[in-house]
Amino acid sequence: MRASVLREIGGPFSVEQIDLAPVPSGSIRVRLAASGVCRSDLSVVRGVIPQAFPTVLGHEGAGVVVEVGDAVTAVTAGDHVILSCVAPCRVCAACLRGEIELCEHGMDHAFGPAYATSASGGEVYAAFGLGTFAEETVVPASAAVVIDREFPLDLASLIGCGVVTGVGAVLRSARVAPGETVAVIGCGGVGLSAVQGARVAGAARIIAVDTVASKLDRAVKAGATDVVDAGASEPIDAVRALTAGAGVDHAVEVVGLSATILQAYGMARRGGTVTIVGAGSFDDMVSISAMQLMADAKTVRGCVYGATDPARDFPVLLDLARRGAIDLEQLVTQRIDLDELDEAFTAMDAGSVARSLVVFE
Ligand code: APR
Ligand code: ZN
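Presented here is an overview of the structure given in this document. This one's a predicted model, so the numbers in the text were calculated from it and none came from an experiment.

1. Re the packing of helix α4 (residues 162–173) against helix α5 (residues 189–201)
Reasoning step 1: Where α4 contacts α5, the axes come no closer than 7 Å and their chain directions differ by 40°. With respect to α5, the axis of α4 lies oblique. For the pair α4 and α5, the sense of crossing is right-handed. Across the interface between the two elements, Gly162, Val163, Thr165, Gly166, Val167, Val170 and Leu171 of α4 pack against Gly189, Val190, Ser193, Ala194, Gly197, Ala198, Val200 and Ala201 of α5.
Reasoning step 2: In terms of residue class, the contact of α4 with α5 is made up of nine nonpolar, six polar and no charged.

2. Description of the sheet that holds strand β7 (residues 116–118)
Backbone hydrogen bonds are what pair the strands of a sheet, in a parallel or an antiparallel way.
Reasoning step 1: Read around the barrel, five strands follow the order β1-β2-β7-β8-β4 and close on themselves; strand pairing throughout is mixed.
Reasoning step 2: Both strand β4 (residues 55–56) and strand β8 (residues 123–126) contribute to a ladder of two bridges, which runs parallel. Across the sheet, residue Thr55 finds its bridge partner in β8, namely Tyr125.

3. Notes on α4
Reasoning step 1: Judged by how many residues are buried, α4 sits mostly within the fold: ten of twelve residues are covered.
Reasoning step 2: Burial in α4 covers these residues: Gly162, Val163, Val164, Thr165, Gly166, Val167, Gly168, Ala169, Val170 and Ser173.
Reasoning step 3: Along its buried surface, α4 packs onto β5 (60–68), α5, β15 (268–276), β16 (299–302), α10 (310–322) and β18 (355–359).
Reasoning step 4: A positive backbone phi angle near 55° is found at Arg175, which sits one or two residues after α4.

4. Structural notes on the pattern of salt bridges
Reasoning step 1: Applying the stated criterion to the full structure yields 19 salt bridges.
Reasoning step 2: Residue Glu60 pairs with Arg355 through a salt bridge whose shortest N-O separation is 3.0 Å. Residue Glu60 is found in strand β5, and its partner Arg355 is found in strand β18; the two are separated by 295 residues along the sequence.
Reasoning step 3: A salt bridge links Arg172 to Asp313; the nearest nitrogen and oxygen atoms lie 2.4 Å apart. Highlighted residues: Arg172 in helix α4 and Asp313 in helix α10, separated in sequence by 141 residues.
Reasoning step 4: For Arg172, a relative accessible area of 28% puts it in the partly exposed group.
Reasoning step 5: Given a relative accessible area of 3%, Asp313 falls into the buried group.
Reasoning step 6: Sharing partners across several salt bridges, the network here consists of Arg29, Arg31, Glu67 and Glu136.

5. As for the pairing of strand β12 (residues 205–210)
Reasoning step 1: Within β12, five of the six residues are buried, leaving the element largely enclosed by the surrounding structure.
Reasoning step 2: Pairing between strand β11 (residues 181–185) and β12: five bridges, direction parallel. Its bridge partner lying in β12, Ile185 is registered against Val209.
Reasoning step 3: Taking the sense of rotation as the criterion, the β-α-β connection linking β11, α5 and β12 turns out right-handed.
Reasoning step 4: One ladder, built from four bridges, connects β12 with strand β13 (residues 226–229); its direction is parallel. By the bridge assignment, Ile207 is partnered in β13 with Asp226.
Reasoning step 5: For the segment spanning β12, helix α6 (residues 213–222) and β13, crossover handedness is right-handed.

Definitions and limits used
Residue numbering note: each chain is counted from 1, following its sequence as written. Lettering for chains starts from A, numbering for ligands starts from 1, and both go in the order in which the items are written. For this predicted model, a pLDDT threshold of at least 70 governs which residues receive local features, and a threshold of 80 or more governs which side-chain atom pairs are given and counted, while totals over whole chains, interfaces and linings are taken from all residues. Note: side-chain values were computed over all heavy atoms of the structure, leaving out hydrogens and water. Think of each axis as a best-fit line through the C-alpha atoms, taken over the contacting stretch in the case of a helix, with angles from 0 to 180 degrees between the N-to-C directions. Helix and strand labels come from DSSP, where a helix needs a run of H or I of at least four residues and a strand needs a run of E of at least two; each type is numbered from the N terminus. Each angle receives one of four descriptions, namely roughly parallel if under 35 degrees, roughly antiparallel if over 145, roughly perpendicular if within 65 to 115, and oblique otherwise. A clockwise turn of the near helix away from the far one marks a right-handed crossing, whereas an anticlockwise turn of less than a right angle marks a left-handed crossing. When checking whether two residues touch, look at their non-hydrogen atoms; a contact exists if any pair is within 4.5 Å. Amino acids are sorted into nonpolar (Ala, Val, Leu, Ile, Met, Phe, Trp, Tyr, Cys and Pro), charged (Asp, Glu, Lys and Arg) and polar (every other residue, Gly among them). For two strands to be treated as a pair, DSSP must find no fewer than two bridges joining them. Working definition: with a 1.4 Å probe on protein chains only, accessible area under 20% of the residue-type maximum means buried, over 50% means exposed, and in between means partly exposed. The term salt bridge refers to a side-chain nitrogen of Lys or Arg lying within 4 Å of a carboxyl oxygen of Asp or Glu. Orient the strands so they point away from the viewer; a crossover is then right-handed if the path from the first strand over the helix to the second runs clockwise.

This is the structure in structure tokens:
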């Protein structure tokens, strides 16, 4: 089967024929319909997220189950599935607390053994344990959520990372209530999903912040009531000016930089929430004074995978999409072939696309 293989940090991608290993017990083989291109993939290309090489990237996919391994009961061949980055065990302490996204074994598959061999016989690893930039993949059954066969699989793929992360951050982590005010910093695929989530929550003001004008236009289409061009004005002052000096009830950071995390902190009102969705680097430190942390009484909270349970929340997101409350098509800037990934990553880095969607025949 065709796969886009990344042989080393920095790339490039090359489309190759690789052979999948036999499906292990507890796992399934999926024929992918589509895969979104997410900034976390770029973090692997850059070496910020550790990964064994050579690897097949991609972690936002949906497709059809073609084979199930021993001991798989929840999924059968022919099922349509969205792949989940978290494969919850459902028995660890975190799962039992209901914090499925923090499952102690939820990412084990991402660090598993090679899942395929290349034409030259070398081992190939699936990034994030999913490797969706390929016609097929093998994943734990617990990383697949069965969905309605009527729903278009290409759009469903977006739910597996960007949409669940962005919408989840607003609905499940910040828990935005009707009439509240929200600022979203960073309007890529994840941030635009957060804006849509804020609209679903009934937020009265949704302020979108980005440095790229076209992203702000997209944010307005997604439901933003106000926009701030962070390249043209000081974003904290601009957001405070829009909220009578008070700041917003909820600030959501969707870039992954200490500078924008500090901006989110500065935009939130006293007692408000600051939700960190962006995945930054380990050595980028955030400095907030001890006095401020106490006196501002803000809740600063990291948010993994939208603080969601994929089995519970993917169907909810599909229902919202089905009745038009969230618009998945709006997130797609371009549909591409597997051999166009280099260009798609360059475009994402330049900020000129929301989501590129790799579509398989
Ligand atoms: N201020 C405001 N916006 C910024 C800034 C900044 N200083 N720097 C970058 N941006 C904007 C970009 O213009 C772009 O619109 O942030 C957006 C990031 O979007 P994408 O590159 O499409 O990334 P996305 O896939 O949405 O992921 C965003 O969430 O899950 C994490 O790892 C992911 O850290 C990443 C973040
Ligand atoms: Zn992602």
